[in-house]
Each structure stands twice: as structure tokens, then as C-alpha cells.
Amino acid sequence: MTAQPLLDVVGLRTHFSSEHGTVKAVDGVDFRIEPGGILGMVGESGSGKSVTGLSILRLLGSRNARVVGGQILFHGEDLLTKSDRAMREIRGKKISMVFQNSMTALDPFFRVGDQLVEIIRLHQRVGGREARIRAHEALELVHIPETGRRMSNYPHQLSGGQRQRVMIALALACRPDLLIADEPTTALDATVQKQIIDLLGEVNRELGTAILMITHDFGVVARLCRTVAVMRAGRIVESGDVATVLRFPEHPYTRGLLSSVLRMRPTAEVPRVSA
Ligand SMILES: Nc1ncnc2c1ncn2[C@@H]1O[C@H](COP(=O)(O)OP(=O)(O)OP(=O)(O)O)[C@@H](O)[C@H]1O
Ligand SMILES: [Mg+2]
């Protein structure tokens, strides 16, 4: 008997319809994340990683996008059957997401502190003073120095790495059980990238936040994740614990992804793959 997973995605299918036909962006995907677990979802561009993440939070947005099948069990309850109101409660509070293009997720016209206070007050019944204290704590959690000064900064006054830390602080402000991080380091240089990945690992250890890490980078998976699911054309072609999949990739597609990492980043910390 295993404990109930935190997230159990069963047969998820998300399609886009247009006059040119149907795009089966996610086409029968199964995976689970244990409480406090870290799953890497890896695959090339267009394989359906972001659509999977957005489907979980029901944030697909466009009218032609629809989850046409499957279940998304979170704490054993199917998110696909929840009311919109219940989903608003869950988003940000129980499940948070750091979006692929995070610069657009911070409002350029509001101070960092005000954005943190807003999300905290949206989900937690606390007054303004307490919310500010929690906002400071959220910035400390992501190692932003001089939180007082940073709170009054506008997003453009921060470096790319700091903005990404703020995004993570926003996502963690309400201590969710699950963080969906969609390519959170793509726009950053290698050193900052590593710092952010290590920060997520630290958050996972210290707060027990489970993470769905969406990336095309096997180096990130090797550094952070315990389990991995390899996506291709809307399906998971291979999954398992990271050490095994990295060492003994079974699917040719996985081997291809791994060898391209090795080719691209010969000096980076990439997994050693035995021949
Ligand atoms: N709004 C949309 N309308 C139609 N098709 C879409 C829409 N959004 C995504 N798709 C299609 O769904 C598929 C999966 O897209 P998705 O964004 O999930 O890929 P991804 O794995 O996240 O890629 P990347 O690594 O580039 O972020 C792609 O074929 C994409 O063209
Ligand atoms: Mg994506």
C-alpha cells in the first residue's frame, strides 16, 4: 500500500480546435507526484508540457482549448469537476505556478511589495500589517537581500534573477502544496539558472512543497528532480526515477534528448550517461 499521491493525473487529454482541425496537445497523459516529491517533465518544444501545467490549474484561457478526457486528482479530488469558485481558491493557495514568461506575470506598474501583499491578502485572512510581514518573509525565503528596499521597487528595477526570485516568492507566499514551475530559468544565464534551481530544491526540503518542474533541459532534471516524465507529441514516452532514466534511457527519443544535452553543454553539469 502506498500513500495517496498529492497529484494523480490520469489519462489527461487537452485538445485545441480550429478551422484547420484539432491539435491534440495533450493526448492521454498519466503521471503522479507524491507529497513533497519533485517530478521533472521534459520534452522538446511543442510536446505539450505547458498545456499540461495549464490544464492542471484550468488556466487554458482560450475558448478553443478544452480538456476532453481524464482526471486530475489533487488530494484525491478531481479538479476537473470543481466549480470556478473552488478553483480560484485552489490557485495560488494550494497549487501555484511560475509561468514560462515570468516577466509578463509581474505587473510593471505596481511595487513588488504591493504585489506580494495583494496575493497574500487574497488568500489569507490577515490585515495589511500582517500581510506586509509575510511579504518580507516571502522575500527572505527566496534570499532577496534588503527586503525593505526591494518591497518598494518596481519590477524593472530588479535583475532578471531577482525578478524570478520574486515570482517564486509570489508563488510560495501562501505555502502551496504544489508548485508548477514552467521553464523558470530559461531566460537566465547559467550561473543564475543554477542558483534558482538550487533555491527550488531548498524550498522543497524546507517547506515540503512538491514541485512539477517543466523543462527541456535534462541538466535541470538531474540537478533537482527525483522522478522524470519524458513527453513527446502530447504523450509520456518514458518515466521513472531520475537516476535510472538518465543512466538507462529506454526510449530512442529520450536518448536523443540526452545526447543533445551532452553535445550542447559539454562542460555543464550534465548527467553521466554510460555508453
Ligand atoms: N492556444 C493554442 N491554440 C492552438 N494550439 C495551441 C495553443 N497553445 C498551444 N498549442 C499547441 O499545443 C501543443 C503543445 O504546446 P505547449 O505550449 O504545451 O508545448 P511545450 O511543450 O510547453 O513547448 P515549449 O517547450 O516550447 O514551451 C503545440 O503543438 C502548440 O502548438
Ligand atoms: Mg511551454
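Residues numbered from 1 in each chain as written. Chains lettered and ligands numbered in written order. Predicted model: local features only at pLDDT ≥ 70, side-chain atom pairs only at ≥ 80, totals over all residues. Heavy atoms only, no water.

## Notes on the site of ligand 1
Taken together, 13 residues lie near ligand 1, and Ser45, Gly46, Lys49, Ser50 and Gln100 sit nearest. In the environment of ligand 1, an oxygen atom lies 2.8 Å from a nitrogen or oxygen atom belonging to the backbone of glycine 46. Backbone polar atom of serine 47 to an oxygen atom of ligand 1: 3.2 Å apart, as the coordinates give it. Within the complex, 64% of the 640 Å² of free accessible area of ligand 1 lies under protein. The element best represented in the shell around ligand 1 is helix 1 (residues 49–56), accounting for 3 residues. (Near = heavy atom within 4 Å. Polar contact = N/O pair within 3.5 Å; in protein donor to acceptor, adjacent residues only side chain to side chain. Areas by Shrake-Rupley, 256 points an atom, 1.4 Å probe, with all protein chains shown as cover. Helix = DSSP H or I, 4+ residues; strand = E, 2+ residues; numbered from the N terminus.)

## A few points about unusual backbone geometry
With phi around 50°, glutamate 146 is a residue other than glycine that occupies positive phi space. Following the sequence through the fold, glutamate 146 ends up in the loop between helix 4 (128–141) and helix 5 (147–151). Phi at alanine 233 is positive, roughly 45°, even though this residue is not glycine. Within the secondary structure, alanine 233 is located in the loop between strand 9 (227–232) and strand 10 (235–241). The class for alanine 233 is exposed, based on a relative accessible area of 59%. (Buried < 20%, exposed > 50% of the residue type's maximum accessible area, 1.4 Å probe, protein only.)

## As for the pairing of strand 1 (residues 7–18)
Pairing of strand 1 with strand 2 (residues 21–33) involves 9 bridges; the strand directions are antiparallel. Note that in strand 2 the partner of leucine 12 across the bridge is valine 29. In this structure, the hairpin formed by strand 1 and strand 2 is closed by a connection of 2 residues. Where strand 1 meets strand 4 (residues 65–74), 8 bridges bridge the pair, whose relative direction is antiparallel. For valine 9, the partnering residue across the bridge sits in strand 4 and is isoleucine 72. (Pairing = 2+ DSSP bridges.)

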